[in-house]
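Listed below are the residues making up each chain.
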Amino acid sequence: MFRRYLSVFKNQLFLLVLIIALIIISSLTKGRTAVVTSTIAGIVMIYAGISFIIWLIKTPAKKDKDAGL
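Residues numbered from 1 in each chain as written. Predicted model: local features only at pLDDT ≥ 70, side-chain atom pairs only at ≥ 80, totals over all residues. Heavy atoms only, no water.

Visitor: Tell me about the overall build of the chain, and please be specific about residues and values.
Guide: Summing up its helical and strand segments, the chain has two helices and zero strands in all. A total of about 6200 Å² of accessible surface is found on the chain, and carbon and sulfur atoms cover 71% of it. (Helix = DSSP H or I, 4+ residues; strand = E, 2+ residues; numbered from the N terminus. Areas by Shrake-Rupley, 256 points an atom, 1.4 Å probe, with all protein chains shown as cover.)

Okay, structure coming up:
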């Protein structure tokens, strides 16, 4: 079952792993490297959020035919 959904969510899974890695790197380092990695992590979070919202808007909703009865 996991393999079936992996192909669908591989982009979101990649972004999640990238965000986690950037947050860990920014918390372990000091100075300019920490600032740059935290900024990149923020940009990736914004991109992931916007792509998730667009994905929710584009997916069709299940319509219940018996709702009016």
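Visitor: Would you mind going over the side chain of threonine 37 in detail, with residue names and values included?
Guide: Within the secondary structure, threonine 37 is located in helix α2 (residues 32-58). By relative accessible area, threonine 37 is classed as buried at 10%. Within the structure, threonine 37 has its side chain in polar contact with the backbone oxygen of alanine 34 (distance 3.2 Å). In this structure threonine 37 touches Leu22, Ile25 and Ser26, once residues within four positions along its chain are discounted. (Buried < 20%, exposed > 50% of the residue type's maximum accessible area, 1.4 Å probe, protein only. Polar contact = N/O pair within 3.5 Å; in protein donor to acceptor, adjacent residues only side chain to side chain. Contact = heavy atoms within 4.5 Å.)

Visitor: Pulling in residues and values, what's your account of the nonpolar core?
Guide: The biggest cluster of nonpolar side chains holds six residues, and these are Leu15, Ile19, Leu22, Ala41, Val44 and Ala48. At the level of elements, α1 (2-28) and α2 are the ones that each hand at least two residues to this core. Beyond its immediate chain neighbours, meaning those up to four positions away, leucine 22 contacts Thr37, Ile40, Ala41 and Val44. (Core = buried A, V, L, I, M, F, W, Y, C linked by side-chain atoms within 4.5 Å.)

Visitor: Tell me about a nonpolar patch on the surface, and name the residues and values.
Guide: A contiguous nonpolar patch, built from Leu6, Leu13, Leu16, Val17, Ile20, Ile24 and Leu28 and spanning about 640 Å² of accessible area, is present on the exposed surface. Summarising the element assignment, leucine 28 is placed in helix α1. (Patch = residues over 30% accessible without salt bridge, like charges linked within 9 Å, V, L, I, M, F, W, Y side chains within 5 Å. Salt bridge = Lys/Arg side-chain N within 4 Å of Asp/Glu carboxyl O.)

Visitor: Please set out the environment of methionine 45 residue by residue, giving values where relevant.
Guide: Relative to the helices and strands, methionine 45 is located in helix α2. Overall, the relative accessible area of 42% leaves methionine 45 in the partly exposed class. Dropping the residues within four chain positions of it, methionine 45 is found in contact with Ile19 and Ile23.

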